[in-house]
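# An overview of the molecular structure
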Amino acid sequence: ATIIILNGPNLNLLGVREPGHYGTKTLEDIQNSLELMAEDLGHRLDFHQNNAEHEIVEHIHGALHNQADFIIINPAAFTHTSVAIRDALLASKIPFIEVHLSNVHAREPFRKHSYLSDIAEGVICGLGASGYELALQAAHQILAERN
Ligand code: DQA
């Protein structure tokens, strides 16, 4: 299956950015381990990071046009602000898992609200980079059960 992985603003700075919250792995490290895992599971990954909201919206439109099977998204700060990303995901009807490296519930109160969680298949937060791998494993299982 084709699985799209979307990463929001500032995640290009992983590794140097607030390692206490986000760990020391870079986004490239995360991408490399996901690519290996996807190959083992027999999936094709399409991995992106964007600092601009409209670029994420356009990747979701692209996923719809290309009939992608699943989306794993860490919307970063847009989690807490973006009706546009919510609407794009609703329009696409593609099932998705929301991932956060940090435990957003143990931080500032404004991080507790997500515009996406209620329409997600599931949400993983607080488990660092392994959250992405757990999401890929779960996507694999969900797709296997539906096919
Ligand atoms: C984040 C949590 C968000 O609140 C924050 O704005 C981020 C990263 C995470 O992965 O923990 O940029 O999505």
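Quick caveat, the model's predicted, so the values are computed rather than measured.

About the cut-offs
The residue numbers shown here count from 1 along each chain, following its written sequence. Local features in a predicted model are, by the rule used here, given only for residues with pLDDT of at least 70; side-chain atom pairs are given and counted only at 80 or more, and totals for whole chains, interfaces and linings are based on all residues. UniProt positions are given in the numbering used here, feature names are shortened, and annotations may be inferred rather than shown by experiment. Numbering of helices and strands runs from the N terminus; a helix is a DSSP stretch of H or I covering at least four residues, while a strand is a stretch of E covering at least two. Here, residues touch in the contact sense if the C-beta positions derived from the backbone fall within 7 Å of one another. To estimate the expected span of a helix, count its residues, drop one, and scale the result by 1.5 Å. Working definition of burial: number of other C-beta atoms within 10 Å of the residue's own, with buried at 20 or more, exposed at 12 or fewer, and partly exposed in between, all C-beta atoms being placed from the backbone. Comment: arc refers to directions from the helix axis out to C-beta atoms.

### Here we look at the UniProt feature "binding site: substrate" (unreviewed entry) in the chain
UniProt tags Asn74, His80, Asp87, Leu101, Ser102 and Arg111 as "binding site: substrate" (unreviewed entry). These annotated residues cover 38 residues of sequence, and their C-alpha atoms reach 24.5 Å apart at the extreme, placing them across more than a single site. Its place among the elements puts leucine 101 in the loop between β4 (96-100) and β5 (122-125). Those residues in contact with leucine 101 that lie beyond four places of it in its chain are Tyr22, Gly23, Gly128, Ala129 and Gly131. Mapped onto the fold, arginine 111 is located in the loop between β4 and β5. Those residues within four positions of arginine 111 in sequence are excluded, and the remaining contacts are His80 and Val104.

### Observations concerning helix α3 (residues 53-65)
For α3, built from 13 residues, the straight-helix expectation of 18 Å at 1.5 Å per residue is met to within 8% by its first-to-last C-alpha distance of 19 Å. Ile56, His59, Ile60 and Ala63 are the residues of α3 that are buried. Down the axis, α3 shows its buried residues gathered within 100° of arc, on one side only. Exposed positions of α3 whose direction lies more than 90 degrees from the buried face are His54 and His65. Those residues of α3 that are buried are in contact with β1 (2-7), β2 (44-49), β3 (70-74) and α4 (83-92). The first or second residue beyond α3 is glutamine 67, which carries a positive phi of 55°.

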